Structures are given as structure tokens and as C-alpha cells.
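# Chain and residue survey
What follows is the residue order along each chain.
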Amino acid sequence: MKFNLLKAIKNTHRHPINIILHCIGLPLYIIGIYFIIVYFMNQNISVLYGIILWLCAISLFILGHKIEGNLRAITLVIIYKYLRSFLQN
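In this text, all values refer to a predicted model and were calculated from it rather than measured experimentally.

Below, the discussion takes up the overall build of the protein. In terms of regular secondary structure, the protein is built from four helices and zero strands. What you see for the protein is a C-alpha radius of gyration of 16 Å, clearly larger than the 12 Å of a compact globule of 89 residues, by over 25%. Structurally, the protein occupies a C-alpha span of about 50 × 30 × 15 Å along its principal axes. Each of the 89 residues in the protein was classed as buried or not, and the buried ones make up 21%. Sequence-distant contacts, at least 24 apart, represent 66% of the contacts inside the protein between residues at least 6 apart. Only carbon and sulfur atoms are counted for the fraction: they give 71% of the accessible area of the protein, which is about 6,700 Å².

Here is the structure:
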């Protein structure tokens, strides 16, 4: 049976609070990663801001999955399962 990544992600993000927390966390995640990358390009941004934003985003993602009751279905686990099933076929 083939693992459908998009279907798996949709099935693990159904609770409205989980969706809201992910919508808040995603921009924080992106901005945090951006700050970290810019810091390593020797720009004038503190890496601490990027790490704090990134950790806040991860916390929101985990909290959303805990509320939904599928903590083992965070995106990294889903991607791992998808790659594992893809490589076995």
C-alpha cells in the first residue's frame, strides 16, 4: 500500500485549535530560520532571536498535536514514514 503524504498531513491536522496553532507557528518558524541563516551570513541580527522564535513555533506545533491527540503524527514523523514507504517500493 502506497503512503500518501498529503492525505496523511490532512488527517493529522483536523482539530480547529491545532490548525490555528499551526497557522501562528508557521510564520514564527520561517522567521526564526531566516534570522538564524542571516546571522551565519554575518549580518547584524542576534541568533538568539531566531532560536527563540523557532523554539516557540515548535512548541506551538507540539501543543496543537497534543490537543488533537496525535502527538506521534508531527510532520517530521509523517515525512519519515513517507520516505520509508517510498524507498521500500
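After that view, the rundown keeps rolling.
Structurally, the position occupied by Leu 71 is in the loop between α3 (47-68) and α4 (75-88). For Leu 71, a relative accessible area of 41% translates into the label partly exposed. Expressed as a C-alpha distance, the spacing of Leu 71 and Phe 61, which sit ten residues apart in the sequence, is 9.4 Å.

The next point concerns helix α2 (residues 16-40). Side chains that are three or four residues apart share a direction in an α-helix, a result of its 3.6 residues per turn. A rise of 1.5 Å per residue sets the reference length of α2, with its 25 residues, at 36 Å; its end C-alpha atoms lie 37 Å apart and thus fit the reference within 8%. Of the residues making up α2, those classed as buried are Asn 18, Leu 21, His 22, Gly 25, Gly 32 and Val 38. Residues of α2 that are buried in the fold lie against α3. At the C-terminal side of α2, Asn 42 shows a positive phi close to 60°.

Cut-offs applied
- Numbers given for residues are sequential positions, taken from 1 along each chain in its written order.
- Totals for whole chains, interfaces and linings use every residue, but because this is a predicted model, local features are given only for residues with pLDDT of at least 70 and side-chain atom pairs only at 80 or more, for both listing and counting.
- Side-chain descriptors were evaluated using all non-hydrogen atoms of the structure, hydrogens and water having been removed beforehand.
- Helix and strand definitions here come from DSSP, where helices need a minimum of 4 consecutive H or I residues and strands a minimum of 2 consecutive E residues; each element is numbered from the N-terminal end.
- Here the radius of gyration uses the C-alpha set of atoms, whereas the globule reference equals 2.2 Å times the residue count to the power 0.38.
- Whether a residue is buried, partly exposed or exposed follows from its accessible area with a 1.4 Å probe, protein chains only, as a fraction of its type maximum: under 20%, in between, or over 50%, in that order.
- Contacts were defined at the residue level, with two residues in contact if any of their heavy atoms lie within 4.5 Å.
- Every accessible area reported is derived by Shrake-Rupley at a probe size of 1.4 Å, with residue values counting cover from the shown protein chains alone.
- Here, expected helix span is obtained from the residue count minus one, scaled by 1.5 Å.

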